[in-house]
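Residue-level structural notes
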Number of protein chains: 4
Amino acid sequence: MFFQIDPRSNTPLYEQIIQQVKEMCMKGVLKPDEKLPSVRELSAQMVINPNTVSKAYQELERQGIIHTLRGRGTFISQDVPTYSDPRRIQEMKQSLKQMIVDARYAGLSKQEILTWLEEFYEEMEGNSDEGPASLKDHS
Amino acid sequence: MFFQIDPRSNTPLYEQIIQQVKEMCMKGVLKPDEKLPSVRELSAQMVINPNTVSKAYQELERQGIIHTLRGRGTFISQDVPTYSDPRRIQEMKQSLKQMIVDARYAGLSKQEILTWLEEFYEEMEGNSDEGPASLKDHS
Amino acid sequence: MFFQIDPRSNTPLYEQIIQQVKEMCMKGVLKPDEKLPSVRELSAQMVINPNTVSKAYQELERQGIIHTLRGRGTFISQDVPTYSDPRRIQEMKQSLKQMIVDARYAGLSKQEILTWLEEFYEEMEGNSDEGPASLKDHS
Amino acid sequence: MFFQIDPRSNTPLYEQIIQQVKEMCMKGVLKPDEKLPSVRELSAQMVINPNTVSKAYQELERQGIIHTLRGRGTFISQDVPTYSDPRRIQEMKQSLKQMIVDARYAGLSKQEILTWLEEFYEEMEGNSDEGPASLKDHS
DNA sequence: GTGGTCTAGACCACT
DNA sequence: GTGGTCTAGACCACC
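Looking up chain A in an unreviewed UniProt entry gives the name GntR family transcriptional regulator, with the organism given as Paenalkalicoccus suaedae.

Structure, rendered in C-alpha cells:
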C-alpha cells in the first residue's frame, strides 16, 4: 500500500492521508478488516511527523472509516454509515461549483469534466449508483 | 450585486470573494467593463475589513479577471486569457475526485452529482462546451 | 505629436506623459522652442483629467525640460542642464539591475538585452556617447 | 544572508525584499532548497512588520521562486520555470528605454551604461547567454 | 473619490 | 516552531 503525498500542496498532510485512505477504500484497494500500517511505520515510510499520521488516523476513526483494536492495530471498518450532514453536502456542491468555474477559466470544456468524472467512477467499486457494498445506508 | 459570505466557513473571506466574483462573471451577472464596488464600499456592505476586500481584488487582478484604473476604481476585464497551468489542472482533477469520494461516503449517487453539474452549467453563460465569449483562448 | 498612454499601466498617467515628452525630445521628434499643446488641448485629446496633464507639465518645467511663456504657451527648452544627482544615478543602476534580473527569469539572453539597448540608442539623436546637442553639460 | 532596505525609497518595502531575493538567487548567494529566514526572524532583523515580509514571501511563491513547507518554513525552489508573459516583456523594454532616456539627461554616456550592464552580468551565475542551470526553460 | 502600503496586534491551523 | 488570515487604523499617491 503506497501513499503519494505532496508536501508542497496547500492541503494539509494529514488531510491528504485521510483522502487517500478513503479513496483506496472506494477503489477496493483497501478492503474491510484489512490492517493498516502502524502510525510509526507509516510516518517512517512517508518521512513525516508521527503526530501528523496520528491526527489522520484519529479523524478517520471519528468518521467510522477505520477502527483500532488495542494492541492489535488499526483496521478498515465494515458497514461504514453514510452520514449526510446537510452542511457537508452544501460544501460538496460548493466545491463542485467552484471546480467548474475554475475549469472554465482554464479553458476546459464541459465534456472534459464529464470524462474525468466518468473515469473516477469507473475506478471505484460498485460503479453503479449505489456505491460499494460495505456502505450501509443508515438514513 | 450582492455578496453572500459565510464567516464560519473554513475557506478564507478573501477567497470567498474571489470565488463569488468569478462565478458572477461566468453567470453573466458581472459583465466586461462593469465597475465593481469600491474597496471601502464593499467592505462596509459586507462588514469586513477593507484590507480583506483589497486582497481579494488584488488576487483577481493578478488572475486577469479584473483591472484597476488609478483613482477611478476596479472593473471587470474583457478578453480574460484562458490560463491553463498543468499544476492547476491537476488540482482541479484532485478536487473533483475528492468531491466524488466524499459524495459516495455521504450516500449520494452518481446521478445526483451529474444533476448538480448540469444545473451549474445551465446557470452559466455559453453553457455549451465553449464558455462565454469573453474568454479568449491563448493556447 | 501623439501620445500613447496605457491607463492600465501601474506607472501613473502623469509619469507616462513626462516619459514620453522626454523620449520625444531625445529622439528629436520634439525640437527646442517647439510649442507643446496646451493643457486643455492635450487633456481633451487624451481623454484624461486636465489636472493630470498639468501635473506632468509642472514636473517637466521643474526639470528644465520645458518652460512656459505667460499667455503664449509652453515650449521645449534649449540647453537642458545635465543634472546628475548621485541618488538618481543609484536609482538608475538599481532599475537596470532589476530589469536584468527579471529578464533572466523570463528566459531572455544577455544578447537580446544588448539588442534592445542598441535599438534604443539608434533611435535617439546624437547616438554617439555625447547625447543631443541641446544637452549642455553643467557638471 | 543580509538584506539591505531603504525605507525612504519610493519602491515598497515588500517589493525591495522580492527584488533582493531574486537577485541573490541569480548571484548564487541563495541556492535551491536553501531555507529562507522565517517571517518573524526576517521582520525582526529588518525591523519591519511581519506582514510586510509575509507579503513578499507570498508573491515570491506565486512567481515560483520559493515554496513553503507547512510548519517547516520557506525554501528556495529548484527548476524555476522561465515565465515570459509578453506583457511583462514589454514592461521590461519600457523600463530599459526609460532608464536610457534618464541616463542621457543625467549626462551618462552609452559606454557607462554598457559598463554597468557588464558588471551585473558578471556578478550573476552562468553569465553567458544561458542563465543559471536552475532555470528550466518551459517555452 | 480611488486603491496601495504599512503597522500593531491578535488568532488559528499545521508540523 | 512555522506561515496564513483578519482587524483596526493610519498615511500616501493618484485622478
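Quick word on the overall build of chain A
If you tally the helices and strands in chain A, you get five helices and four strands. From first element to last, N terminus to C terminus, chain A shows the α and β order α-α-α-β-β-β-α-α-β. Burial statistics for chain A: of 139 residues in total, 44% are counted as buried. Of the roughly 7,500 Å² that chain A leaves accessible, carbon and sulfur atoms contribute 48%.

Topic: the interface of chain C and chain B
At the junction of the two partners, chain C supplies six residues and chain B supplies five residues. Carbon and sulfur atoms supply 47% of the area buried between chain C and chain B, which totals about 430 Å² over both sides. Contact with chain B buries surface across chain C, with P7, R8 and P12 of chain C losing the most and accounting together for 79% of the total. One can count zero salt bridges joining chain C with chain B. For the pair chain C and chain B, the interface holds two residue pairs in polar contact (both at pLDDT 80 or more).

With respect to the protein's contact with DNA strand E
Near DNA strand E there are 24 residues, and of these L13 of chain A together with L13, N49, N51 and T52 of chain D occur at the shortest range. Within 4 Å of the protein, atoms of DNA strand E come from sugar and phosphate in 70% of cases. Within the contact set of DNA strand E, a phosphate oxygen lies 2.7 Å away from a backbone nitrogen or oxygen of L13 of chain A. In this structure, Y14 of chain D approaches DNA strand E through a side-chain N or O atom, which is 2.8 Å from a phosphate oxygen. Contributions of two or more residues to the surface near DNA strand E are made by helix 1 (13-27) and helix 3 (50-62) of chain A, helix 2 (39-46), helix 3 (50-62) and strand 2 (73-76) of chain B together with helix 1 (13-27) and helix 3 (50-62) of chain D.

Here's the deal with the relation of the copies chain A and chain B
Of the transformation superimposing chain A on chain B, the axial component is 0.0 Å and the angular component is 180°, with the fit at an RMSD of 0.3 Å. Considering both components of the superposition, the chain copies are consistent with a two-fold axis. When each C-alpha of chain A is compared by its distance to the rotation axis, L96 of chain A comes out closest, at 3.3 Å.

Criteria and thresholds
Residues numbered from 1 in each chain as written. Chains lettered and ligands numbered in written order. Predicted model: local features only at pLDDT ≥ 70, side-chain atom pairs only at ≥ 80, totals over all residues. Heavy atoms only, no water. Helix = DSSP H or I, 4+ residues; strand = E, 2+ residues; numbered from the N terminus. Buried < 20%, exposed > 50% of the residue type's maximum accessible area, 1.4 Å probe, protein only. Areas by Shrake-Rupley, 256 points an atom, 1.4 Å probe, with all protein chains shown as cover. Contact = heavy atoms within 4.5 Å. Buried area = accessible area lost by both parts, 1.4 Å probe. Salt bridge = Lys/Arg side-chain N within 4 Å of Asp/Glu carboxyl O. Polar contact = N/O pair within 3.5 Å; in protein donor to acceptor, adjacent residues only side chain to side chain. Near = heavy atom within 4 Å. Least-squares fit on C-alpha atoms with pLDDT ≥ 70 in both.

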